[in-house]
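# Structural description and commentary
Next come the chains, spelled out residue by residue.
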Amino acid sequence: MSWQQVCTTDDVDEDAIEEFDVGDITLLVANAGGEYYAFPPNCPHQETPLSMGMIEGETLICIKHLWQWNLRTGELGDNAESPLLKYEVKVEEGAVMVNLEKELKYNYQ
Amino acid sequence: MPRTAEEFLSPPSVPEDCYVSSSVYTDPDLYAEEEEKLLRRTWKFVCHVSEVPNIGDYRTHDWTGVPLVTVRSPDKKVRTFVNSCSHRGSRVVRYPAGNMKHMTCFFHLWEYDLYGNCTYQTRDEGYEAHGPTKEQAGLREVRTDTFCGLVFMNFDGNAAPLREYIGETATAFESIFGENDFEIFHLNRTHMKGNWKAWFLTNCDFYHEWGHQVNRSTNLTSPDYHDRPWRLNHAQGHGYTARKLDNEPFVVQYKNYKGWKNRDGLVLRGLQPGELVLTDLFPNTSVFMRTTCVRINHSTPYGPDHTVMEERGLGIKGESEADRRQRAKEFTQVWGPYSRNGAEDVAFVEESHRCQEFGANKYDVISRNEPIGDGLQRPQSDAYVRLFYDKWGDYMGRPANNPKNLMTAAE
Amino acid sequence: MTISDDQIKNLIYKSCRLLDAEEFDDYLDLYTEDFEYKVTNYSPEIKSDQEWMDANRAELKGLLANVPLHFRLLGSFMRHATVYDIERNGADTANALTYVTIYYTTPEGATSVWAVGRYHDKIDVSGDTPLIADRNMKLETREVGIGTHLPM
Ligand code: FES
Ligand code: FES
Ligand SMILES: [Fe+2]
C-alpha cells in the first residue's frame, strides 16, 4: 500500500483528531487549523490513545503526561522526551491522502 | 534500583521537613492526642449560614466524637451546643437539619431553649431533694463565630478569635464572599477508610492533579498553570493560590474536556471567566472558587482510619431556576460523587491508607520544591504540605517525621 | 404502530444491561437526540432536592469517552430493575417509573448494594421504537463511597 485516501477533509473538524482504519492499519488524522496530519494511534510514551489528546494551534498534546509535539515541524514541545512518528499527508480535492507504504510503529519497552 | 529492607525502613534521604512518618495517619495514640491538642483547639468549619437562615434552624454534626447541634437562637446569633442531654446523656437533636422551637430530649422529655437553658424537667419535684435544678442543667455551649458566611466552632475558649485565626488568608475569599450573596445547593458526605490529614492534604497537593484526567486536560494544559504562587500564612498554617504574579487570573481550559465548554457565563463577582482560586485553612477546611460556584470541603475524623468527608456547593441566592441548574451542573461536573474529580480523591486517600495501615509504606515524601522567585513556590511544590506539618508539630509538640521520638518530643 | 408497554419495559431493561456491560455507544442509542439525563436526590441536610449529575447528549458522550482515561473504581455494577408503572401522555410520550437496585462487585468478587433509587423516565413513543427522552435517576442512597463516573 502506498498513497491511500483515508478520509475527506470534512471528516475531521478543526482542532479535532479522528481515528481511521485502512486495511490493517489504524491511524489518526488531525486537523490543526486546516492543515491535516496523520500519525499512529498511540502515544510514543505509554501507548495512551492520542485520539483523546488535544490540538492547540499546531501542537498535539497527549492527555496522559502532556507530552507535546509541533505537528508541522515535528519539534518536541513541553514534557516530550521522544519524537512523534508521522505519515506523509497530501490533500487532493478534499481527499486526505496518506502514504501508508509502511505502518509506523513505536518500539514500546 | 529496588530498596533493601534496611533502606525501606530508614527515613528517605531528603531534608528533615521533607518527609513525614506514616504513623501520623495510622497511630491510634497519636490520633487521640490530635483530638486533644489540635482538633479541640483550632476552629472547625460547621456549615454555611444559608443552612441556618431562620430562628430555630439547626444542623447537627460531630467533632472529635462529640455530637453537636448548631442553631440560630431567637436573638439571631448562631450558637453551638454539645448535643447531649444533661440528664442521662442521650443525643437531644437527632435529625441532620430542620427547624425547632426548643429542644426536647426524647428519652425523659427534658427540654432546652435555643440558648441552651434547661427549661423543663419532667416531674421536677423528684429533683427537689438532691438536684440538679434547671439552672444547673443547661447544655454545654461551644464557642461559635461566623466569617464571610462560614460558621466555625472551637472547643477552646482561650483560642484566638476566628478572624484573627483566618488572618491574611482572608484576602483569597473575603471580597468574593462579600460581593456575592451565597446559598447552599449541594451537599454530599462520604465515609472514607483513611486519615483526615490525607484527605485535606490531597486538596493541597496540586501535584496530584496529574492523577485526574479532568485536571490534566483542563488545568494542566493551561499555559500559565505553574505561574500562580502559593501564598502561605506561616503564623496560622493556611495557604492559598489565586492570581499569578502579574495579577492576571489563572484560567481553566474547560473546553479541553470532551463535551464541555469554557465557563464564561454566570461568573461570580470578583472572579474572571474560567478563574480558579483555592484556599486551605488549617487544619482541614478548603474553600474553592471555581468561576461559577464555590465548593467548601471539610472532614470529620472518627479515628485515625475513619474520616467522613463533607462537600458543599454554593450558588447565588435568589437566582433563576435555569441559572441555578447551570451552576449546579458545572459544580457536579467536577465535584460530588458522580463527578470527574471529587470521586477520585477518595480513592487516592484510601489506596495510600491501605499501604500505610500495616507498614507497607513508612514515610510520606513531601519534598517537591518549585521556586518561582521572591521566596515563593509554584503550585506543584509541597511548600504548603510542609507548612501544614510544621504547624501540626507545633500543636502536637512532636515532629511529624518522627512523632514517637520522645527525646525530640520532650524538647 | 403503537408502542406496547412491553417494548417500553424492554427499553428500560436494555439500558440497565448496556450500562452494566459498559457498552456506551449502544447505551446512548437508546436515547433521543436531545435527551436530558440526571442523577438527583433529596438531601435532608440542606432540605432540598439536589442534582449530582446533569448531562445532555454531548456531555454524556464526552464523559463516557473519557471514562477509560479516568482513575476509577475497579470492579463491576449490576443493575436490577423492575418497571412499576407506565403512564401514557397522549400518543407521543409515556412516563415510566422503575425501581432500581445497583449491586457493586469488587475485582476480588465481594458484592454489596451500591445504591437504590428510581428511574423517572419520559419515553418517546412517537416512532417505530421507543426512546428515552429524559431520565431522572432519583437516588435514595446518598453515600456511595468513592463514587463513580458512570451514569446510574
Ligand atoms: S502516555 Fe502520552 S505523554 Fe505519557
Ligand atoms: S436523657 Fe434526656 S431527658 Fe433523660
Ligand atoms: Fe483531587
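Structure report, in brief.

Criteria and cut-off values
Residues numbered from 1 in each chain as written. Chains lettered and ligands numbered in written order. Predicted model: local features only at pLDDT ≥ 70, side-chain atom pairs only at ≥ 80, totals over all residues. Heavy atoms only, no water. Donors = N, O, S within 2.8 Å, 3.2 Å for Na, K, Ca; no water. Tetrahedral: all angles 85-135°; square planar, octahedral: opposite > 155°, others 65-115°. Helix = DSSP H or I, 4+ residues; strand = E, 2+ residues; numbered from the N terminus. Buried < 20%, exposed > 50% of the residue type's maximum accessible area, 1.4 Å probe, protein only. Contact = heavy atoms within 4.5 Å. Buried area = accessible area lost by both parts, 1.4 Å probe. Salt bridge = Lys/Arg side-chain N within 4 Å of Asp/Glu carboxyl O. Polar contact = N/O pair within 3.5 Å; in protein donor to acceptor, adjacent residues only side chain to side chain. Nonpolar A, V, L, I, M, F, W, Y, C, P; charged D, E, K, R; others polar. Expected span 1.5 Å × (residues − 1).

With that settled, consider the coordination of the iron ion (ligand 3). All names here are of chain B. Taken together, the protein ligands of the iron ion (ligand 3) are His208 (NE2), His212 (NE2), Asp345 (OD) and Asp345 (OD), with distances of 2.0 to 2.4 Å. Around the iron ion (ligand 3), the four donor atoms are arranged such that angles at the metal cover 59 to 135°; this shape is classified as irregular. Considered as a linear motif, the donors of the iron ion (ligand 3) on their single chain read H-x3-H-x132-D. Placement of the pair is His212 in the loop between helix H6 (196-204) and helix H7 (213-220) and Asp345 in helix H9 (residues 342-357), with a sequence separation of 133 residues. You can call His212 buried: its relative accessible area is 0%.

With that out of the way, let us pick up the interface of chain B and chain A. Each partner contributes residues to the interface: chain B has nine residues there, and chain A has nine residues. Each partner contributes to the roughly 760 Å² buried at the junction of chain B and chain A, and carbon and sulfur atoms together form 62% of this total. Area buried by chain B at its contact with chain A is led by Trp210(B), Arg216(B) and Lys258(B), which between them contribute 51% of it. Scanning the region where chain B abuts chain A turns up one salt bridge. Lys255(B) serves as the salt-bridge partner of Glu56(A), at 3.4 Å between the closest nitrogen and oxygen. Run the count over chain B and chain A and you get three residue pairs in polar contact (both at pLDDT 80 or more). Here the side of chain B that touches chain A is composed, by residue class, of two nonpolar, four polar and three charged.

One full turn of an α-helix is made of 3.6 residues, so residues set three or four places apart face in the same direction. Residues and elements named next belong to chain B. Spanning 14 residues, helix H10 (residues 383-396) covers 20 Å between terminal C-alpha atoms, matching the ideal 20 Å at 1.5 Å per step. For H10, a buried count of 11 out of 14 residues is recorded, marking the element as mostly surrounded by other parts of the structure. Every buried residue of H10 is accounted for by Ala383, Tyr384, Val385, Arg386, Leu387, Phe388, Tyr389, Lys391, Trp392, Gly393 and Met396. Phi turns positive one or two residues past the end of H10, at Gly397, with a value near 65°.

Turning to the pattern of salt bridges, a few remarks are in order. Per the counting criterion, the structure on display carries 45 salt bridges over all chains. One salt bridge connects Arg59(B) with Glu51(B), and the closest N-O pair in it is separated by 2.8 Å. A salt bridge links Glu59(C) to Lys329(B), with the nearest nitrogen and oxygen atoms 2.7 Å apart. In this pair, Glu59(C) sits in helix H3 (residues 57-66) while Lys329(B) sits in helix H8 (residues 321-334), so the two residues belong to two different chains. As far as the burial class goes, Glu59(C) and Lys329(B) line up, both buried.

Contacts between the two partners involve 34 residues from chain C and, on the opposite side, 36 residues from chain B. Summing both sides of the interface, chain C and chain B together bury roughly 3100 Å²; the carbon and sulfur share of this comes to 53%. Of all residues in chain C, Glu45(C), Trp52(C) and Phe71(C) give up the largest surface area on contact with chain B, accounting jointly for 22% of the area buried on that side. Linking chain C with chain B are four salt bridges. Lys47(C) is the salt-bridge partner of Asp57(B), the closest N and O atoms lying 3.9 Å from each other. One can count 13 residue pairs in polar contact (both at pLDDT 80 or more) joining chain C with chain B. Counting residues per element, the side of chain C that touches chain B draws most heavily on strand E2 (residues 48-55) of chain C, which supplies six residues. Across the side of chain C that touches chain B, the residue classes tally to 16 nonpolar, nine polar and nine charged.

All we've got here are geometric facts, nothing functional implied.
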